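Commentary on secondary and tertiary structure
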Amino acid sequence: MADDQEVRQIELLCKQLYEAQDATLRQEAEKALVGFQRWNLQESNDTLGRCQALLDRTDSSYAQLLAATTLSRLVSKSTRVLSTQQKIDMRNYVLNYLATRSKLSVFVVQSLVSLFAKITKLGWFDLVKEEYVFRNFMVDITKFLQGPVEHCTVGVQLLSQLTCEMNQVPDAEEILFFSKHRKMAMLFRDSHLFELFQLACSLLSSARAEALDLNEERQHGLITQLLRLALNCLTFDFIGTSSEDSEELYTVEIPSSWQMAFLDAATPKLFFELYHALPPPLSALSLACLVQVASVRRSLFSNAERIQVLTNLITGVKNILENPQGLSDSGNYHEFCRILSRLKSNYQLGELVTIDIYPQTIQLIAKFTVQSLQMWQFAPNSVHYLLSLWQNMAASVPYVKTTEPHLLETYAPEVVNTYITSRLDSVAVIVRDGLEDPLDDMGMVSQQLEKVSAIARCDYGKTCALVVALLDVAASGYQDLPPTCHDSQRLVYQGQLTWLVYIIGAAIGGRMPFNNIHEHESMDSELVCRVLQLMNLTDARLARGGCEKLELAMMSFLEQFRKNFMNQMDQTQKNSELYPRLSETLGITSESTLLSVFIRKIITNLKYWAGSEAITNKTLSLLSELSVGYSCVRKLVKLEEVQFMLTHHTSEHFPILGCGASVGEMRCRSMLYTALGRLLMVDLGEDEDRFQNFMMPLTAAFESISGLLNPSDTTLINSEDAKKVLIGLARDLRGLAFAFNTRTTYMMLFEWIYPTYLNILVRGLEVWYSQPAVSTPVLKFAVELVQNRSQRLQFDVSSPNGILLFKEASSIICAYGSRILNLEVTKDLIYPMKLKGILICFSMLKAALCGNYVNFGVFRLYGDDSLDNVLNMFVKLLLSIPQTDLLDYPKLSQTYYVLLERLTHDHMSFLASLEPAAFLYILATISDGLMALDTTVCTGCCTTLDHIVTYLFKQLTQKSSAFPVKNQLGRPQTAPEHNAMFLEVMQRRPEILQQLLTTILNVIMFDECRNQWSMSRPLLGLILLNEDHFRRLRASIVAAQPREQQAAMDRCFTNLMDSVERNLLTKNKDKFTQNLSIFRKEVNESLRDPNTTASVTDMMTS
């Protein structure tokens, strides 16, 4: 730090950033402070000194935070490697700063504590005089723990944050590799974690005994940090799985050495007592610890021990239920619901019923559940855990072998009935008070209904009787409403019917055809008939208006009905109770009649609900599912309703096909035409007249905008209707192109659209390229058109259609690409306005190059520049994308890397002819892709790099060969000029391939290599091209080992190249791959000694 003036300037900027009211002033301050950080991280050689000086001289909390965060980023940054002494100095400085500054802001303390944890983790393997200096952190932190309350709190906070940091998987930009992180975490687990958990429990017990004054801020802070330390210990990733399992499957994999801590009743008793003694939110932290205690793996205990542990938990739960005052806090309530859920997911019902106090406890849990369901506004997300408990218990009933009663037949129906009635009762309150409707969150409602349907099977008769009675009352009341009734009365009936239809759909979805009870089928049939009768009632009133939520519930019901009854219709029609009841009630006597009901409902929705995107999507999704089944689709095409759809798909009958629909509503047209295309194909054969008749509405639409081909006619260009017509056509044709997966139907479509109508689409793309609402549908249709789906693009020997199709794809990409390159957009709009279109162009080029329906040699042979144009446009589009954006957008990266793999396989000569800057950019993207978290991207990069390395090795071999390749005249063939330039670039910049070699070897030796075979393929070529660098790399790795292990490591490298020849033939690569597998295994065994890991990994990342 130069002087105090600079400190004052930074303090002023920090104050402006966090306190200024003027947005412009805040932005300028942020820009200046970001520049300060960037300069210190990238250019300054004295970042440590400057930040420490800032911390020493400033009293501004914001400036202190800036210095601490800058140091944290410096520690984590992989491009700056700190020496061991620098880490020690920084750690000591942080500890001293925390010890001597007693009035630091909370966020400053947290930032410095986080910095200490990062330094300790980074230096975990650092040796100084045969001592791991960073592993003795307890020596320094004990001094904090022995001090006054403020220092003790900081000490516990340091331990808590260190535990959290050791459990944190490193980001891609950080210096640690995953394998090193796991070894470090396991060492920390084995040497310190249990000690820290015992320390937290011991201090909490002492605090409990001393009855601390929690109204005093310092005491409150200490208890908070102790509970967080205990919770961080219990949530540690003990076995290195980084588990992303759902809550129902989660298990805490506690080591066996911890067993006594959990067998001791004092451990759960401590946290239960703390819950009762502490105010929120501290009490919620106590319950969060108990959630983890209840989740400890079953295999840690014997059967008798497991019952003992379960008894301790049940006793504590029963005490909370008998004294439920604390559960009025939403945090406590949520954590307690999680504990209840864990009781069944981690223990068996047969174990629960053997507990002496089980009858009283299950009664209390049932009462608590009923009260919770009745208070539907309070913590609705926590109900999920309560219902999970009852669902899991209900599912376990058939497997209980004990004599003790489980009592679920008594309490489960009460839970289901309360859920149903409470939801119906909530409707009137929501309508009256204008509250938020739970039905607006269908994700949560669907999860709850799935669980309720399983619980209902405990006594299905009671549930069905209740639902039928409630539905009859609500439907009768809704039917009898006069046209002049008050809106609120109608809304209440509609809301109640909506809930009941969703509940019936869930009940039907919960049936199991392979193990269904006859009485259950009879009850299901009664429910189905009721809903179909209600559907007739609501459809009859649609001309006067309807209820969107009720219609969505109807579509959800129909989808459940389709899945559970229609998929096995032929089999169940003879035995099921459903069809006699349908015939008796609704006159549905056959499968075709039932399908007619579905299609009529679909047509009705498309006519009356075109303005509802949600209903239209659900409706067309149902139609799409019906059009997929082999037997079902053949029965559908015989229906008059389906034939009507095939001959009358116009805006007159389906409003979403007209210009009156919004652009958003038009998105579903592709789904409609996919279904219509499948239905048309059933009996189409080679009947071109029928195809032309089907396409007449689309033909008329194209003719209406044919004026676009006239550049001087600006009328259509300025017309919103013309724009919508083009959007609709592109979406319709995309649906048809997807459905037409046979050669005959595809050729009918291609001959109909080429060339005139295709030219109209290209012209529309040229006019409205800057409007994604237009360009995206057109480009996506073009992608579908060039897809060789189901090998449909098999042209005759004399047909030029394959070449014509590729030329059209080339012209579309070039037309769009040449214009979009000049479009300037802001950073926040770069993906929707620019990158998304480029992504689709990459997809189109990938599909065209991979389709195997074009001989690309024809283009250069006959002087056609279509191939060269589109490849050059690909390079221009690629170079316009910031390199960081390639991996930031997963869809873009996946498409790009697959396309690049194809280009390096079939068009490497083109890539070799690129300007050096362009080819180096491609190599840089490959280097980034090798470290990507997406295995697909990483594997593709390996294959791509293998193609490049093989091509380069072949060119260099031919150049130095004593037997040069000869041309057709028998004369030595000289390398093309672009090859010579390519070779020169690679020879002048050897560090590029050397870095790639280091990266791959690093991943194979030290990281979790999930695609070892793919990594091995380019590695041999890189070694052969950089033999001197590989020898230096080998020597440095061997030298980094302890003296007694150097010979073994050298032998590993020797064996790696054993029997491997100096060529890249497939047989030789296979031999190298086998050697590499053995090499990785031997290296991992030799690196199990932690002394080795540090030096080798540091060498590879430096």
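Thresholds, definitions, all that
Here the residue numbers are simple positions, counted from 1 along each chain's written sequence. With pLDDT at 70 or above as the cut-off, local features in this predicted model cover only qualifying residues; side-chain atom pairs require 80 or more to be listed or tallied, and sums for whole chains, interfaces and linings still use all residues. With hydrogens and water set aside, each side-chain value is computed from the structure's full complement of heavy atoms. Where helices and strands are cited, they refer to DSSP runs of H or I of at least four residues and of E of at least two residues respectively, numbered from the N terminus. Atoms counted for the radius of gyration: C-alpha only. Globule rule: 2.2 Å times the number of residues to the power 0.38. Whether two residues are in contact is decided by their heavy atoms, any of which lying within 4.5 Å being enough. For the accessible areas, the method is Shrake-Rupley and the probe is 1.4 Å, while residue cover comes only from the protein chains on display. Working convention for charge: Lys and Arg count positive, Asp and Glu count negative, and His plus the chain ends are omitted. Taken as the charge location is NZ of Lys, CZ of Arg, CG of Asp or CD of Glu. Ring pairs shown here join Phe, Tyr and Trp side chains whose ring centres sit within 6.5 Å, with only the six-membered ring taken for Trp; geometry is labelled stacked below 30 degrees between planes, edge-to-face above 60, and tilted in between. Each residue's exposure class comes from its accessible area (1.4 Å probe, protein chains only) as a fraction of the maximum for that residue type: buried when under 20%, exposed when over 50%, partly exposed otherwise. As a reminder, the over-ring test applies to NZ of lysine and CZ of arginine, requiring each to be within 6 Å of the ring centre and within 35 degrees of the ring normal. Salt bridge criterion: a side-chain nitrogen from Lys or Arg within 4 Å of a carboxyl oxygen from Asp or Glu. Within this scheme, the nonpolar core is defined by two criteria: the residues are buried Ala, Val, Leu, Ile, Met, Phe, Trp, Tyr or Cys, and they are joined through side-chain atoms within 4.5 Å. Only the stretch in contact is used when a helix axis is fitted, and all axes are lines through C-alpha atoms; the angle between N-to-C directions ranges over 0 to 180 degrees. When the near helix sits turned anticlockwise from the far one by under a right angle, the crossing is termed left-handed; a clockwise turn instead gives a right-handed crossing. The classification used treats Ala, Val, Leu, Ile, Met, Phe, Trp, Tyr, Cys and Pro as nonpolar, Asp, Glu, Lys and Arg as charged, and all other residues, Gly among them, as polar. Each helix should span, by expectation, one fewer than its residue count multiplied by 1.5 Å. Taken from the helix axis, the directions to the C-beta atoms give the arc we talk about. Each polar contact in these results corresponds to two N or O atoms within 3.5 Å; when the atoms are within protein, one needs to be able to donate a hydrogen and the other to accept it, and residues that are neighboring in sequence are counted only if both atoms are side-chain atoms. Here, a disulfide means two cysteine sulfur atoms that sit within 2.5 Å of each other. A residue's pLDDT is the predictor's confidence in that residue, given on a scale from 0 to 100. Nonpolar side chains (Val, Leu, Ile, Met, Phe, Trp, Tyr) are joined into patches within 5 Å and like charges within 9 Å, using only residues with over 30% relative accessible area and no salt bridge.

For the rest of this paragraph, the subject is the overall build of the chain. A tally of regular secondary structure across the chain gives 53 helices and two strands. Relative to the compact-globule value of 32 Å for 1102 residues, the chain shows a C-alpha radius of gyration of 35 Å, a close match. Once the C-alpha set of the chain is aligned to its principal axes, its extents read approximately 100 × 90 × 65 Å. Pairs at least 24 apart in sequence give 76% of the contacts found in the chain among residues at least 6 apart. Taken as a whole, the chain presents about 48,400 Å² of accessible surface, with 50% of it coming from carbon and sulfur. Of the side chains in the chain, 101 bear a positive and 118 a negative charge, and the two mean positions are spaced by 4 Å.

Our focus in this paragraph is the packing of aromatic side chains. As enumerated under the stated definition, the model contains 36 aromatic pairs in all. Taking the centre distance of 6.1 Å and the plane angle of 55° together, the rings of Phe691 and Phe740 count as tilted. Of the two residues, Phe691 is situated in helix H32 (residues 688-694) and Phe740 in the loop between helix H34 (720-739) and helix H35 (743-753); the sequence distance between them amounts to 49 residues. Considered together, Phe691 and Phe740 belong to a single accessibility category, that of buried residues. Taken together, the ring pairs in this structure connect Trp124, Phe137, Phe188, Phe194, Phe197, Phe236, Phe238, Trp258 and Phe262 into an aromatic cluster. In this structure, Arg135 is placed above the aromatic ring of Tyr132, and the distance from its NZ or CZ to the ring centre is 3.8 Å. Positioned above the aromatic ring of Tyr460, the side-chain terminus of Arg457 is 3.9 Å from the ring centre.

Evaluation of the coordinates by the stated rule reveals 40 salt bridges. One continuous salt-bridge network, built from bridges that share partners, spans Arg208, Lys269 and Glu273.

Take Thr163: it is sitting in helix H8 (residues 149-167). Thr163 has contacts with Phe188, Leu193, Leu196, Leu229, Asn232, Cys233 and Phe236, leaving out every residue within four places of it along the chain.

For the rest of this paragraph, the subject is the nonpolar core. Counting 377 residues, the largest nonpolar core has Trp390 and Leu733 as its most contacted members. When sequence neighbours within four positions are dropped, the list of residues in contact with Trp390 reads Ile362, Ile365, Ala366, Thr369, Leu408, Tyr411, Ala412, Val415 and Ile455.

Our focus in this paragraph is the packing of helix H33 (residues 696-704) against H34. Between H33 and H34, the least distance of the axes is 10 Å, while the angle of their chain directions is 145°. In this structure, the crossing between H33 and H34 has a hand that is left-handed. Across from Leu698, Ala701, Phe702 and Ser704 in H33, the residues of H34 making contact are Val725, Leu729, Asp732, Leu733 and Leu736. Taken together, the residues of the contact of H33 with H34 break down into seven nonpolar, one polar and one charged.

Glancing now at helix H50 (residues 1027-1039). Spanning 13 residues, H50 covers 18 Å between terminal C-alpha atoms, matching the ideal 18 Å at 1.5 Å per step. Listing the buried residues of H50 in full gives His1029, Phe1030, Leu1033, Ile1037 and Val1038. In an axial view of H50, the angular spread of the buried residues amounts to 165°, which keeps them on one side of the axis. Exposed positions of H50 whose direction lies more than 90 degrees from the buried face are Arg1032 and Ala1039.

Compared with an ideal rise of 1.5 Å per residue, which puts 20 residues at 28 Å, H34 spans 29 Å between its outermost C-alpha atoms and is within 8% of the ideal. Within H34, 16 of the 20 residues are buried, which leaves it mostly tucked inside the rest of the structure. Of the residues that open H34, the one with a side-chain oxygen 3.3 Å from the backbone nitrogen of Asp721 is Ser719.

Between two cysteines, a covalent bond joining their sulfur atoms is known as a disulfide. Scanning the model with the defined rule gives zero disulfides in all. Left without a disulfide partner, Cys850 is nearest to the cysteine sulfur of Cys941, which lies 16 Å away. Overall, Cys850 belongs to the partly exposed group, its relative accessible area being 29%. The thiol sulfur of Cys941 is not disulfide-bonded, and the nearest other cysteine sulfur, from Cys938, lies at 6.8 Å. Assessed through its relative accessible area of 0%, Cys941 is described here as buried.

Below, the discussion takes up the environment of Lys462. Note on placement: Lys462 falls in helix H21 (residues 460-479). Placed 158 residues apart in sequence, Lys462 and Leu620 show a C-alpha to C-alpha distance of 35 Å.

Structurally, Asp906 is set in helix H43 (residues 890-906). Residues Asp906 and His947, spaced 41 residues apart in sequence, show a C-alpha to C-alpha distance of 9.4 Å. Here Arg902 takes part through its side chain, which lies 2.8 Å from a polar atom of the side chain of Asp906. A distance of 2.6 Å separates the side chain of Asp906 from the side chain of His905, its partner in a polar contact.

Per-residue pLDDT for the chain has a mean of 86; in total, 91% of the residues score no lower than 70. The weakest mean pLDDT in the chain belongs to helix H53 (residues 1090-1101) at 43; the strongest belongs to helix H37 (residues 772-785) at 96. Counting interchain partners and residues more than four positions distant, the pLDDT-below-50 stretch residues 1090-1102 has 37 contacts.

Here we take up a negative patch on the surface. Taken together, the side chains of Glu686, Asp687, Glu688, Asp689 and Glu751 define an acidic patch exposed on the protein surface. Considering the arrangement of structural elements, one finds Asp689 in helix H32. A relative accessible area of 58% means that Asp689 is categorised as exposed.

Turning to the environment of Ile599, a few remarks are in order. Structurally, Ile599 is set in helix H27 (residues 591-608). Residue Ile599 is classed as buried on the basis of its relative accessible area, which comes to 0%. Distance in space between the C-alpha atoms of Ile599 and Met844 is 35 Å, their sequence separation being 245 residues. With residues near it in sequence (within four places) discarded, Ile599 still touches Leu623, Leu626, Leu636, Leu639, Glu641, Val642 and Met645.

Looking now at unusual backbone geometry. Most of the time, phi is negative for any residue but glycine, and the peptide bond is trans. For the peptide bond that leads from Pro280 to Pro281, omega is 0°, which places it in the cis range. As for its placement among the helices and strands, Pro281 is situated in the loop between helix H12 (266-277) and helix H13 (282-294). Here the residue pair Tyr754 and Pro755 is connected by a cis peptide bond, since its omega of 0° sits within 30 degrees of zero. Despite not being glycine, Leu407 has its phi angle at roughly 65°, a positive value. Here Leu407 is to be found in the loop between helix H18 (383-396) and helix H19 (408-433). One non-glycine residue with positive phi stands out, namely Gln791, at about 55°. For Gln791, the location among the structural elements is in the loop between H37 and helix H38 (801-820).

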